[in-house]
Amino acid sequence: MEPPIDSPPYRRTFYKGGSGMWSWILHRGSGLAVLGFLFLHVLDTSLVMFGPNAYNTMAKFYESALFRPLEVLLMFLVIFHAFNGLRVIIVDLWTRGSRYQAQLSRLVWAITLVLFLPSAWIMLRPIFE
Amino acid sequence: MSVAGAYDRHLRPDTRPSGFQVWSWFFMRISGLALVFLVLGHMLIMHVLDGGVDRIDYNFVSRRWAGFFWRAYDWLLLALAMLHGAIGARNAIADHIRKPLWRGAAKTLLYSVVFFLLGVGTLVIVTFDASRMPG
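Residues numbered from 1 in each chain as written. Chains lettered and ligands numbered in written order. Predicted model: local features only at pLDDT ≥ 70, side-chain atom pairs only at ≥ 80, totals over all residues. Heavy atoms only, no water.

The partner chain A presents 41 residues to the 42 residues of chain B that form the contact. Interface area, chain B with chain A, both sides summed: about 3400 Å², of which 74% is carbon and sulfur. Its largest share of buried area at the contact with chain A, chain B owes to R29, M43 and Y58 of chain B, together 16% of the area lost on that side. Where chain B touches chain A, the interface holds three salt bridges. Close ionic contact of R68 of chain A with D54 of chain B constitutes a salt bridge, the shortest N to O distance being 2.6 Å. Between chain B and chain A we count six residue pairs in polar contact (both at pLDDT 80 or more) in total. (Contact = heavy atoms within 4.5 Å. Buried area = accessible area lost by both parts, 1.4 Å probe. Salt bridge = Lys/Arg side-chain N within 4 Å of Asp/Glu carboxyl O. Polar contact = N/O pair within 3.5 Å; in protein donor to acceptor, adjacent residues only side chain to side chain.)

This is how it looks when you write it as structure tokens:
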């Protein structure tokens, strides 16, 4: 007879705060946000079919200072989602993965910040010049 | 613990994943692995290197799509990202929208948008021809 799912040994397997819960929320949120931008990005790129004027007007808008912070946000969401996704694959497929999930989570944040911060600086630099 | 083991322990036999769900679980991991390289490569080229988005205009796109390689790269990126995103959004809908009518409506809307935009994107990448443009 299996114990009910909320009794002590199972209860600990649920997220209650901690890095696992935040990774899950951020993974879902970043995935949906990037998908939303992908929808928009197919439409904006398809303006090439209407010639240089249409496409370049759109491109100027993306290059404006108004859009720069969103470009930086997109970069952050993509990098985090990529490396957190690799963490999910490792935890699923490596038999000892779940034992090291906390260390893997810290590694994801380290890689995300190491790649994100320099690219954010490079993307924002034109605004200040 | 294996995934099958987790299902055995927590789910009744009649709630075992269907063939589609097992397939989509594998697809998310395989496409995710490919997308790490395709998307980060795309972001690096378009946003970081050589002036980033400031150099992107109509001429940039015409030169880029003059050859086969970048059209193939962009189409693979489009198709994998759309399908990976569609399955991810489908999972989110299944988790968060509980009323059957709203869940059905949300999935129908999602699949329609994905189908339409995958079609538009494919058409643009395959048929774009700078020599036949107005202006």
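Before going further, it helps to examine the packing of helix α4 (residues 68–93) of chain A against helix α5 (residues 101–128) of chain A. Residue and element names in this part refer to chain A. α5 packs onto α4 with a crossing angle of 160° between their chain directions and a minimal axis gap of 9 Å. By the angle class used here, α4 and α5 are roughly antiparallel. The handedness of the crossing between α4 and α5 comes out as right-handed. (Axes fitted to C-alpha atoms, helices over the stretch in contact; angles between N-to-C directions. Helix = DSSP H or I, 4+ residues; strand = E, 2+ residues; numbered from the N terminus. Parallel < 35°, antiparallel > 145°, perpendicular 65-115°, else oblique. Left-handed = near helix turned anticlockwise from the far one by under 90°.)

What follows concerns the pattern of salt bridges. The tally for this structure, following the rule as stated, stands at seven salt bridges over all chains. Salt-bridge contacts for R28 of chain A lead to D95 of chain B; the nearest nitrogen and oxygen are separated by 2.6 Å. Remark: D95 of chain B occurs in helix α4 (residues 68–96) and R28 of chain A occurs in helix α2 (residues 18–45); the pair is interchain, linking two chains. A salt bridge links R55 of chain B to D50 of chain B, with the nearest nitrogen and oxygen atoms 3.5 Å apart. Judged by its relative accessible area of 21%, R55 of chain B falls in the partly exposed class. For D50 of chain B, a relative accessible area of 64% puts it in the exposed group. (Buried < 20%, exposed > 50% of the residue type's maximum accessible area, 1.4 Å probe, protein only.)

With that out of the way, let us pick up helix α2 (residues 19–48) of chain B. Residues and elements named next belong to chain B. The end-to-end C-alpha distance of α2, which contains 30 residues, comes to 41 Å, matching closely the 44 Å that a straight helix rising 1.5 Å per residue would cover. Of all the bends found along α2, the most pronounced is centred on L35 and spans about 35°. Count one or two residues on from α2 and you reach D50, which has phi positive near 55°. (Expected span 1.5 Å × (residues − 1). Bend = angle between axes of the 7 residues up to and from the residue.)

Moving on to the environment of F68 of chain B. Residue and element names in this part refer to chain B. Examined against the element boundaries, F68 turns out to sit in helix α4. The class for F68 is exposed, based on a relative accessible area of 70%. Each C-alpha atom, one on F68 and one on V126, is 9.7 Å from the other, the two residues being 58 residues apart in sequence.

Residues and elements named next belong to chain B. Along the polypeptide, I125 turns up in helix α5 (residues 100–127). Between the C-alpha atoms of I125 and A72, which are 53 residues apart in sequence, the distance is 8.5 Å. Ignoring sequence-local partners within four residues, the contact set of I125 consists of W65, R71, D74, W75 and L78.

As a further point, take the packing of aromatic side chains. Within this structure, the stated rule accounts for 16 aromatic pairs over all chains. An angle of 75° between the planes, with centres 5.3 Å apart, marks the rings of F76 of chain A and F116 of chain A as edge-to-face. Placement of F76 of chain A in helix α4 and of F116 of chain A in helix α5 is noted, with a sequence separation of 40 residues between them. The class for F116 of chain A is buried, based on a relative accessible area of 12%. Note on F69 of chain B and W70 of chain B: the rings are 4.9 Å apart at their centroids and 85° apart in plane angle, and the pair reads as edge-to-face. Grouping aromatic residues by their ring pairs yields a cluster made of F37, F61, Y62 and F67 of chain A. Here the basic side chain of R125 of chain A rests over the ring of W121 of chain A, its NZ or CZ set 4.8 Å away from the ring centre. (Phe/Tyr/Trp six-rings, centres within 6.5 Å; stacked < 30°, edge-to-face > 60°. Lys NZ or Arg CZ within 6 Å of the ring centre and 35° of its normal.)

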